[in-house]
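Inside the fold
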Amino acid sequence: MNGFRRLGTASVVRGGKGWSLLGAKCSACEAPIYPVLTVCPHCGGRDFVALPLPAIGTLYCHSVVHMGPRGVDTPYIVGYVDFSDGLRVFGRIEMEVGAVQTGQPLELRVKPANKRASQFIYFFTAPGEGSRQAGS
Ligand SMILES: [Zn+2]
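Residues numbered from 1 in each chain as written. Predicted model: local features only at pLDDT ≥ 70, side-chain atom pairs only at ≥ 80, totals over all residues. Heavy atoms only, no water.

As annotated in an unreviewed UniProt entry, the chain is OB-fold domain-containing protein from Paraburkholderia unamae.

Put into structure tokens, the structure is as follows:
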């Protein structure tokens, strides 16, 4: 797949609208999986095809973190976002505390963490909020 990059145990792929997280679909039972594993947790299958995650999901639940690691500004928000293909993904939500509501749509964004694009970060935000990263 064009633009494929590893992201730890996860991976990213570059498409027409920038970077996306890349999951997998089990070839045997067609279950979507993220992060990518070596064995399907549903059927034990070992063959997968690449599955770029959708850009928009629905916030399942969230929490406000008031005591974070040293050097990280608080408060910040983390949560689980559900996608239409049945995946639930955990991540940081880049929005103001108090502006986040369970059940709201959120956009998954991926951007390079450095100029070489050797590492990536992903986060969720309100759809269309701010400019989408060009994926430089
Ligand atoms: Zn399977």
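With that settled, the discussion passes to the side chain of Gln104. On the secondary structure map, Gln104 appears in the loop between strand E8 (88-93) and strand E9 (105-112). Of the polar contacts made by the side chain of Gln104, one reaches the backbone nitrogen of Gln101; its length is 2.6 Å. In contact with Gln104, other than residues within four places in its own chain, are Gly57, Thr58, Leu59, Met95 and Ala99. (Helix = DSSP H or I, 4+ residues; strand = E, 2+ residues; numbered from the N terminus. Polar contact = N/O pair within 3.5 Å; in protein donor to acceptor, adjacent residues only side chain to side chain. Contact = heavy atoms within 4.5 Å.)

With that out of the way, let us pick up the environment of Glu129. Within the secondary structure, Glu129 sits in the segment after strand E10 (120-125). Its relative accessible area of 41% is what places Glu129 among the partly exposed residues. Along the chain, Glu129 and Leu106 lie 23 residues apart, while their C-alpha atoms are 9.9 Å from each other. Setting aside chain neighbours within four positions, we find Glu129 in contact with Glu94, Met95 and Arg109. (Buried < 20%, exposed > 50% of the residue type's maximum accessible area, 1.4 Å probe, protein only.)

Let us look at the pairing of strand E3 (residues 18-26). The element E3 is extensively covered by neighbouring structure, given that seven of its nine residues are classed as buried. Taken together, the five bridges between E3 and strand E5 (residues 48-52) define a ladder with antiparallel strand orientation. The residue of E5 that forms the bridge with Ala24 is Ala50. Of the pairings in the sheet, the one linking E3 to strand E4 (residues 32-33) comprises two bridges and is antiparallel in character. Following the sheet pairing, Ala24 is matched in E4 by Ile33. Once E3 ends, the chain turns through five residues before running back antiparallel as E4, passing Glu30 with a positive phi of about 65°. (Pairing = 2+ DSSP bridges.)

Glancing now at the pattern of salt bridges. One pass over the structure, following the stated rule, counts three salt bridges. Here Asp82 and Arg88 are joined by a salt bridge, their closest N and O atoms 2.6 Å apart. Look at Arg88 and you get partly exposed, because its relative accessible area is 40%. The shortest N-O distance in the salt bridge between Arg109 and Glu107 comes to 3.6 Å. Residue Glu107 is classed as buried on the basis of its relative accessible area of 8%. (Salt bridge = Lys/Arg side-chain N within 4 Å of Asp/Glu carboxyl O.)

Let's shift gears to the coordination of the zinc ion. Those protein atoms acting as donors to the zinc ion are Cys26 (SG), Cys29 (SG), Cys40 (SG) and Cys43 (SG), and they sit at 2.3 Å. Viewed at the metal, the four donor atoms of the zinc ion are separated by angles of 102 to 113°, and the geometry they form is tetrahedral. On the basis of relative accessibility, which here comes to 41%, the residue Cys43 falls in the partly exposed class. (Donors = N, O, S within 2.8 Å, 3.2 Å for Na, K, Ca; no water. Tetrahedral: all angles 85-135°; square planar, octahedral: opposite > 155°, others 65-115°.)

Quick look at the nonpolar core now. Soluble, globular proteins show a tendency: their nonpolar side chains are buried together. Ranked by size, the top nonpolar core spans 21 residues in total, and within it Leu21, Leu53, Phe83, Ile93, Leu106 and Phe124 carry the most contacts. Where this core is concerned, the elements lending two or more residues are E3, strand E7 (76-82), E8, E9 and E10. If you tally residues by element for this core, the top one is E9, at three residues. If we skip the residues at most four places from it in the chain, Ile93 touches Leu59, His62, Ile77, Val78, Gly79, Val100, Leu106 and Phe124. (Core = buried A, V, L, I, M, F, W, Y, C linked by side-chain atoms within 4.5 Å.)

A word on a nonpolar patch on the surface. A cluster of nonpolar side chains, Tyr60, Tyr80 and Phe90, forms an exposed patch at the surface whose accessible area comes to about 300 Å². Within the secondary structure, Tyr80 is located in strand E7. Taking the relative accessible area as the measure of exposure, Tyr80 reaches 36% and is therefore partly exposed. (Patch = residues over 30% accessible without salt bridge, like charges linked within 9 Å, V, L, I, M, F, W, Y side chains within 5 Å. Areas by Shrake-Rupley, 256 points an atom, 1.4 Å probe, with all protein chains shown as cover.)

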